[in-house]
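Architecture at a glance
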Amino acid sequence: MILEKIYLHNFRNLKRVFLEPSPAINILIGDNGQGKTNLLESIYLLGTLSSHRTANDREMINWDKERAQVDVLLRKRDHSLKLTVTLEGSNKRVQINDTPLEKKSELIGNLNVVLFSPEDLNLVKGGPSYRRDFLDIEVSQVSRYYHHLLSEYRHVLRQRNFYLKELRDNFKKEYGVLEIWDEKLVELGSRIIEKRLEVVEKLQILARLNQRKITGGKENLSIEYECSLGELNPDIFSIFRKLLVNNRDEEVKRGYTLYGPHRDDLILKVNGMDIRKYGSQGQQRTTALALKLAELEFMKSESGEYPVLLLDDVFSELDQKRKDILLELIAGRIQTFITATDLNILGKLKHSDYKLFKVKQGFID
Ligand SMILES: Nc1ncnc2c1ncn2[C@@H]1O[C@H](COP(=O)(O)OP(=O)(O)OP(=O)(O)O)[C@@H](O)[C@H]1O
Ligand SMILES: [Mg+2]
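Residues numbered from 1 in each chain as written. Chains lettered and ligands numbered in written order. Predicted model: local features only at pLDDT ≥ 70, side-chain atom pairs only at ≥ 80, totals over all residues. Heavy atoms only, no water.

**Looking at the site of ligand 1**
Neighbouring ligand 1 are 17 residues; Gly33, Lys36, Thr37, Asn38 and Ile61 lie closest to it. Note that a nitrogen atom of ligand 1 is positioned 2.9 Å from one of the backbone N or O atoms of Ile61. For ligand 1, whose accessible area on its own is 650 Å², the fraction buried by protein is 78%. Among the residues forming the shell around ligand 1, the class breakdown is two nonpolar, nine polar and six charged. (Near = heavy atom within 4 Å. Polar contact = N/O pair within 3.5 Å; in protein donor to acceptor, adjacent residues only side chain to side chain. Areas by Shrake-Rupley, 256 points an atom, 1.4 Å probe, with all protein chains shown as cover. Nonpolar A, V, L, I, M, F, W, Y, C, P; charged D, E, K, R; others polar.)

Here it is as structure tokens:
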């Protein structure tokens, strides 16, 4: 899929921006603090309906204004469409081809994006929530069903935790209402785990290939889904249910839900070694890149088209070999936006391979 036009209105410091990107590589060049990441953030917002750096939508509206808007013209394999997100106060409105969507989440799945930034090292080094988010954001973009499961699950989890605290604080042992929440939690949570297991199986093959390619065949990456339910046989639903029943007193004592996909993780191993704990910085970087590249291929295989790739400040951090592998993968196939502060990153890229945009104090040309 290709972004053909991008219009921004009062999005952070980008007050009025109009771009016609190249279908191949786009380089956004500029000093620190000029608005490069802001542009990537606006594209990410149209793909995922949220920012990658704030949970507060209001922050994306220019300080001096009440309202921000992002419009893009997106060309897919067999049709084109216009996507619009408007932020006003703490409200968000969404339109496709100028028709407002009643269910905003229906925007997700139209524009698929993969963002790679230096913080993605957290995918390997950081806590489990980074790896869960990685899976969830990626799968949500290609499966509306999964997105729906997740948001329902989060709602049920909040309610259930609230109720557990209430039982604890009032020294009650009446589990009737809790059982109703249990049933919903098991139903939704088990389906989430099922889908994640299926995805991890595919990702693992793709990421393993990437890791071997980057390291010249020296490193074998394995990815395993670590489930808080433990052993998943004979079936996830009954194991989950049993754990909740057997651990009622403990959950009430703690006041939150101890089992379920919100407690799960991915185990990443290179040549049998836990890379999260024992990997060198370089190995961890390689693994983060291998995972991100696997994400691109996974989304292509699920949706039939490559997503748009957003590379924020990563080019300067990659060595020549990794850069070459990345460029080889992108070249001619994936529309990419790369931010950088100087042109040294370009290396072997020929001028005909990319379109250059200069970003200065919120203006892009
Ligand atoms: N809501 C907002 N309204 C106006 N300006 C904003 C808003 N939010 C952030 N900014 C400004 O945007 C600028 C940051 O832009 P951005 O993060 O895109 O920089 P960048 O070009 O990616 O820089 P770097 O190279 O350091 O990553 C800051 O100068 C900040 O003051
Ligand atoms: Mg930046």
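That was the structure; now back to the text.
**Examining the environment of Gly255**
Inspection of the secondary structure puts Gly255 in the loop between helix H7 (248-254) and strand E10 (265-270). The class of Gly255 is buried, set by a relative accessible area of 0%. Considered as a pair, Gly255 and Ile43 are 212 residues apart in the sequence and their alpha carbons are 39 Å apart. Once you skip the residues sitting within four places of it in the chain, Gly255 turns out to touch Asn161, Leu164, Lys165 and Arg168. (Helix = DSSP H or I, 4+ residues; strand = E, 2+ residues; numbered from the N terminus. Buried < 20%, exposed > 50% of the residue type's maximum accessible area, 1.4 Å probe, protein only. Contact = heavy atoms within 4.5 Å.)

**Quick word on the nonpolar core**
Core analysis: the largest hydrophobic core is formed by 78 residues, its most contacted members being Ile25, Ile27, Ile223, Leu229, Phe240, Leu311 and Leu326. Broken down by element, the residue count for this core peaks at twelve residues, all from helix H5 (residues 176-214). Three or more residues apiece are contributed to this core by two domains, here domain 1 (1-112 + 306-365) and domain 2 (119-304). Setting aside chain neighbours within four positions, we find Ile25 in contact with Leu327, Ile330, Thr336, Ile338, Leu349, Asp353, Tyr354 and Lys355. Among the nonpolar cores identified, the runner-up in size contains 40 residues, and Leu39, Leu83, Val85 and Ile364 belong to it. (Core = buried A, V, L, I, M, F, W, Y, C linked by side-chain atoms within 4.5 Å. Domains from an automatic or database assignment.)

**Remarks on the packing of aromatic side chains**
Per the counting criterion, the structure on display carries one aromatic pair. Plain terms: the ring middles of Tyr7 and Phe18 are 4.7 Å apart, the flat faces sit at 25° to each other, and that makes the pair stacked. Taken together, the positions of Tyr7 in strand E1 (residues 2-11) and Phe18 in strand E2 (residues 14-19) put the pair eleven residues apart, joining distant regions of the chain. Of note, Arg248 hangs over the ring of Tyr175, and the distance from its end group to the ring centre comes to 5.3 Å. (Phe/Tyr/Trp six-rings, centres within 6.5 Å; stacked < 30°, edge-to-face > 60°. Lys NZ or Arg CZ within 6 Å of the ring centre and 35° of its normal.)

**Some thoughts on the sheet that holds strand E9 (residues 221-226)**
With antiparallel pairing, three strands are arranged side by side in an open sheet as E9-E10-E11. Edge positions in the sheet fall to E9 and strand E11 (273-274), since each of these pairs with one other strand and no more. Across the sheet, H5 touches E9 and E10, and the angle it forms with E9 is around 170°. Set on the sheet, helix H9 (residues 281-303) makes contact with E9, E10 and E11; between it and E10 the angle comes to about 120°. (Pairing = 2+ DSSP bridges. Axes fitted to C-alpha atoms, helices over the stretch in contact; angles between N-to-C directions.)

**Some points on the environment of Leu206**
Locating Leu206 in the fold gives a position in helix H5. Leu206 sits 87 residues away from Leu293 along the chain, and the two C-alpha atoms are 8.1 Å apart. Contact partners of Leu206, with chain neighbours within four places excluded, come to Ala294, Glu297 and Phe298.

**Section: H5**
Taking 1.5 Å per residue as the helical rise, H5 with its 39 residues ought to reach 57 Å, and the 55 Å between its terminal C-alpha atoms agrees with that figure. Within two residues after H5, Gly216 carries a phi angle of roughly 60°, on the positive side. (Expected span 1.5 Å × (residues − 1).)

**Topic: the packing of helix H3 (residues 128-142) against H5**
Two numbers describe how H3 lies on H5: the axes approach to 11 Å, and their chain directions differ by 95°. Taken together, H3 and H5 sit at an angle that is classed as roughly perpendicular. On H5, the residues touching Arg132, Phe134, Leu135, Asp136, Glu138 and Val139 of H3 are Lys195, Arg196, Val199, Val200 and Leu203. Class assignment for the residues of the contact of H3 with H5 results in six nonpolar, no polar and five charged. (Parallel < 35°, antiparallel > 145°, perpendicular 65-115°, else oblique.)

**Let's talk about the pattern of salt bridges**
The final tally for this structure, using the stated rule, is 29 salt bridges. Note that Arg160 is salt-bridged to Asp182, the shortest N-O span being 2.8 Å. Here Asp182 lies in helix H5 and Arg160 lies in helix H4 (residues 144-169), a separation of 22 residues in the sequence. Exposure remark for Arg160: the relative accessible area of 0% places this residue in the buried category. Its relative accessible area of 5% is what places Asp182 among the buried residues. Put simply, Asp274 and Arg276 hold a salt bridge, and the shortest N to O gap is 3.3 Å. On the basis of relative accessibility, which here comes to 11%, the residue Asp274 falls in the buried class. Look at the salt bridges and you will find they share partners, linking Arg131, Asp265, Asp274, Arg276 and Lys277 into a network. (Salt bridge = Lys/Arg side-chain N within 4 Å of Asp/Glu carboxyl O.)

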